[in-house]
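# Reading the structure
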Amino acid sequence: AQSVTQPDARVTVSEGASLQLRCKYSYSATPYLFWYVQYPRQGLQLLLKYYSGDPVVQGVNSFEAEFSKSNSSFHLQKASVHWSDSAVYFCALTTGYQNFYFGKGTSLTVIP
Amino acid sequence: EAAVTQSPRNKVAVTGGKVTLSCNQTNNHNNMYWYRQDTGHGLRLIHYSYGAGSTEKGDIPDGYKASRPSQENFSLILELATPSQTSVYFCASGGLGGAEQFFGPGTRLTVL
């Protein structure tokens with residue numbers, strides 16, 4: 001069965017620091033992978049997606065993610081975070097033939 | 001850009017009452033979804049639809065019904081609301097063949 005695990009429920013970093021939010025997936029083939037962001041009292045917004053090809057994908061607001069088949073991972077990264085990046089981040093997977101599987105989310109707090 | 005709207009945005013209901021949450025999308029997506037979001041559980045799929053007239057059970061359908069009268073509209077119905085259904089509900093569309101899902105702003109439901 002497919003699944004997505006975000007091992008860190010909460011992450012706190014200082015403004016200007018680099019960031020990595022972890023995502024591990026379970027699926028026998030290469031899935032379609034997504035990162036979404038949720039700001040307080042809003043719906044989820046797509047940050048970036050991976051379908052195939054270059055394992056490093058660029059997203060909005062200088063976020064990027066790296067796909068690793070060998071590690072079954074799709075970690076989200078940002079070189080320098082801003083206080084406005086504080087939000088909840090969700091990793092998601094779909095096989096293309098079934099529904100989406102979401103991780104439980106990582107709550108990011110950026111300290112000014 | 002995909003537009004998914006939900007109404008009402010906030011709802012207070014009494015135990016045993018009937019609640020209808022509405023969702024409208026303007027991007028002509030075939031697939032639509034209803035999720036609930038609770039702390040510690042992330043997003044959980046309640047019902048989904050492949051098109052007008054179709055509804056399918058998701059992972060937690062008990063106590064919920066769904067209706068898809070048209071391509072644009074997808075409703076979630078709680079015939080006999082219970083306090084355990086207090087949550088934030090999100091509608092989404094898209095997701096066909098590996099494409100991303102687009103989310104509405106959410107409905108905050110409180111059942112007293």
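What comes next concerns the included structure. (Residues numbered from 1 in each chain as written. Chains lettered and ligands numbered in written order. Predicted model: local features only at pLDDT ≥ 70, side-chain atom pairs only at ≥ 80, totals over all residues. Heavy atoms only, no water.)

Once that is clear, we can look at the layout of surface pockets. Volume-wise, the largest pocket comes out at about 640 Å³. As for the largest pocket, its lining consists of 27 residues, of which Gln38(A), Val88(A), Phe90(A), Gln37(B) and Thr39(B) are closest to the centre. Looking at the lining of the largest pocket, the element that brings in the most residues is strand β10 (residues 87–94) of chain A, giving three residues. Here the residues of the lining of the largest pocket sort into nine nonpolar, twelve polar and six charged. (1 Å grid on protein atoms, 1.4 Å probe; cavity = no way out; pocket = protein on both sides within 12 Å on 5 of 7 lines; lining within 4 Å. Points joined across faces, edges and corners; volume = space filled by probe spheres on them. Helix = DSSP H or I, 4+ residues; strand = E, 2+ residues; numbered from the N terminus. Nonpolar A, V, L, I, M, F, W, Y, C, P; charged D, E, K, R; others polar.)

Moving on: the nonpolar core. Counting 26 residues, the largest nonpolar core has Leu19(A), Trp35(A), Leu47(A), Leu48(A), Phe74(A), Leu76(A) and Tyr89(A) as its most contacted members. Looking at this core, the elements with two or more residues in it are β2 (10–14), β3 (19–21), β5 (32–38), β6 (44–50), β8 (64–68), β9 (73–78), β10 and β12 (106–111) of chain A. Among the elements that take part in this core, β10(A) stands out by supplying four residues, more than any other. Setting aside residues up to four positions removed in sequence, Tyr89(A) forms contacts with Gln6(A), Leu21(A), Trp35(A), Tyr36(A), Val37(A), Leu47(A), Phe63(A), Leu76(A), Gly105(A), Thr106(A) and Leu108(A). Grouped together as the second largest cluster of nonpolar side chains are 18 residues, Ala13(B), Tyr64(B), Leu76(B) and Leu109(B) included. (Core = buried A, V, L, I, M, F, W, Y, C linked by side-chain atoms within 4.5 Å. Buried < 20%, exposed > 50% of the residue type's maximum accessible area, 1.4 Å probe, protein only. Contact = heavy atoms within 4.5 Å.)

Here we come to the pairing of β9(A). Residues and elements named next belong to chain A. Among the six residues in β9, five count as buried, and that is most of the element. Summarising the sheet, β3 and β9 pair through three bridges and their orientation is antiparallel. From the neighbouring strand, Leu21 faces β9, where its bridge partner is Leu76. Where β8 folds back onto β9 in an antiparallel hairpin, the turn is made up of four residues, including Ser72, whose phi is positive at roughly 50°. (Pairing = 2+ DSSP bridges.)

The next point concerns unusual backbone geometry. Of note, the bond from Ser7(B) into Pro8(B) is cis; its omega dihedral lies within 30 degrees of zero at -5°. You can see Pro8(B) is positioned in the loop between β1 (4–7) and β2 (10–13). Even without glycine at this site, Ser62(A) takes up a positive phi of about 65°. Considering the arrangement of structural elements, one finds Ser62(A) in the loop between β7 (56–58) and β8. The class for Ser62(A) is exposed, based on a relative accessible area of 58%.

Let's shift gears to the interface of chain B and chain A. Chain B puts 21 residues into the contact, and the matching count from chain A is 18 residues. With both sides pooled, the region where chain B packs onto chain A buries about 1600 Å², and carbon together with sulfur makes up 50% of that total. Interface area lost by chain B to chain A is led by Leu43(B), Gly98(B) and Glu100(B), which between them contribute 29%. At the junction of chain B and chain A, the tally comes to one salt bridge. Linking Glu100(B) and Lys49(A) is a salt bridge whose minimum nitrogen-to-oxygen distance equals 2.9 Å. Taken together, the connections running from chain B to chain A amount to four residue pairs in polar contact (both at pLDDT 80 or more). Those elements giving two or more residues to the side of chain B that touches chain A turn out to be β4 (32–38), β5 (42–49) and β10 (101–103) of chain B. With four residues, β5(B) is the largest single contributor of residues to the side of chain B that touches chain A. The class makeup of the residues in the side of chain B that touches chain A is nine nonpolar, nine polar and three charged. (Buried area = accessible area lost by both parts, 1.4 Å probe. Salt bridge = Lys/Arg side-chain N within 4 Å of Asp/Glu carboxyl O. Polar contact = N/O pair within 3.5 Å; in protein donor to acceptor, adjacent residues only side chain to side chain.)

Take the pairing of β4(B) next. Residue and element names in this part refer to chain B. β4 sits mainly inside the fold: seven of its seven residues count as buried. One ladder, built from seven bridges, connects β4 with β5; its direction is antiparallel. Paired with Arg36 across the bridge in β5 is Arg44. Between β4 and β5, which pair antiparallel and follow one another directly, the connecting turn spans three residues, one of which, Gly40, has a positive phi of 90°. Strand direction decides the pairing type here: β4 and strand β9 (residues 87–94), joined by six bridges, are antiparallel. The partner of Arg36 across the bridge, within β9, is Tyr89.

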